[in-house]
Every structure is written in structure tokens, then in C-alpha cells.
Amino acid sequence: QLQTVESGGGLAKAGESLRLSCVASEFIPSFITMGWYRQPPGKQRELVALLRNNRPVKYSPLVKDRFTISIDNAKNTLYLQMNDLKPEDTAVYYCHQVGTDSWGQGTLVTVSS
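So, the state of the cysteines: which residues are in play, and what are the values?
Tallying each qualifying case throughout the model produces one disulfide. Bridging cysteine 22 to cysteine 95, the disulfide has an S-S length of 2.1 Å. One quick way to see it: the torsion about the S-S bond of cysteine 22 and cysteine 95 is about -70°, and its sign makes the bridge left-handed. Here cysteine 22, found in strand E3 (residues 18-24), pairs with cysteine 95, found in strand E9 (residues 91-97); they are 73 residues apart in sequence, far enough to count as distant. Comparing cysteine 22 with cysteine 95, the two get one shared label, buried.

Could you give me a rundown of the side chain of threonine 77, with the residues and numbers involved?
Position of threonine 77 relative to the elements: it lies in strand E8 (residues 77-82). At 2.7 Å, the side chain of threonine 77 and the backbone oxygen of lysine 75 are in polar contact. Contact partners of threonine 77, with chain neighbours within four places excluded, come to Ser21, Cys22, Val23, Ile28, Ser70, Ile71 and Asp72.

I'd like a description of the environment of threonine 4, backed by residues and values.
Positionally, threonine 4 belongs in strand E1 (residues 4-7). Residue classification places threonine 4 among the buried positions, given a relative accessible area of 11%. Linking threonine 4 and cysteine 95, residues 91 residues apart in sequence, is a C-alpha distance of 6.9 Å.

I'd like a rundown of the pattern of salt bridges, residues and numbers included.
Following the criterion strictly, the structure yields four salt bridges and no others. Aspartate 89 serves as the salt-bridge partner of arginine 38, at 2.9 Å between the closest nitrogen and oxygen. Taken together, the positions of arginine 38 in strand E4 (residues 34-39) and aspartate 89 in the loop between E8 and E9 put the pair 51 residues apart, joining distant regions of the chain. The pair arginine 38 / aspartate 89 is uniform in exposure class, with both members buried.

Give me the lowdown on the sheet that holds strand E10 (residues 107-112), citing residues and values where you can.
Judged by pairing direction, the sheet is mixed, and its six strands sit side by side in the order E2-E10-E9-E4-E5-E6 without closing on themselves. The sheet is open, and its two borders are formed by strand E2 (10-13) and strand E6 (55-59), each paired with just one other strand. For this sheet, the mean angle separating the axes of adjacent strands, direction not counted, is 25°. Pairing of E4 with E9, which is carried by six bridges, proceeds in the antiparallel orientation. Bridged to glycine 35 within E9 is histidine 96.

Here is what the cut-offs are and how they apply
- Residues numbered from 1 in each chain as written.
- Predicted model: local features only at pLDDT ≥ 70, side-chain atom pairs only at ≥ 80, totals over all residues.
- Heavy atoms only, no water.
- Disulfide = S-S within 2.5 Å.
- Helix = DSSP H or I, 4+ residues; strand = E, 2+ residues; numbered from the N terminus.
- Buried < 20%, exposed > 50% of the residue type's maximum accessible area, 1.4 Å probe, protein only.
- Polar contact = N/O pair within 3.5 Å; in protein donor to acceptor, adjacent residues only side chain to side chain.
- Contact = heavy atoms within 4.5 Å.
- Salt bridge = Lys/Arg side-chain N within 4 Å of Asp/Glu carboxyl O.
- Pairing = 2+ DSSP bridges.
- Axes fitted to C-alpha atoms, helices over the stretch in contact; angles between N-to-C directions.

Structure follows, in C-alpha cells:
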């Protein structure tokens, strides 16, 4: 299974953008499903977006049309472009290989109004 390290989080104001990165320990095969998940403070972890075969396959309705999941195979890196951020997007964001128990430490995104 892949080991992953998330980065790119930080403090943003409502309406601003951030891009999260997830660097994997090795090449990410196109047949596996990669996802971004998030856990707001005091709440359960939830799905944000899924990618398979180098293209998005699912977005949470909470982020659809604002967030974009993508991959750079040459860099073994998964991205989450987050536009028009809202305070409700505040959470620790995780990169995850679906079907495994491999989770990184996550990266914190805090959005102020």
C-alpha cells in the first residue's frame, strides 16, 4: 500500500483558494482509487472527492463546482484545488488510498469569515 504525506493547508479567508498536495511513496497506479477526505473539528471524517484512472469520479455535494481533484503521475502527487473557500470547509484534510488502512497525518485548513 502507498504511504502518503499531505501538505498545503493553512489559514485562508472566505472566498480565497488553497491547493493541497499529497505525495505518495511510489507511483500511483491508475487502477486504484485515491481520495481526499476531511474531518472538521469535533466531527466525523467525510469524503471530499475521489479519483480513478486519472480523472475525478465523485465529489461531495458540499464541494462540487468549487474543488477539483487531480493527479501528477510523474511526481506521484495527488492534488486538491480548493476555490471559493467557506468557513464550513475548515477541517483536517487527508489523502487516502481507498480499500486500505493507510492514512497520513493530514493537513489543517482553517477558513475565516
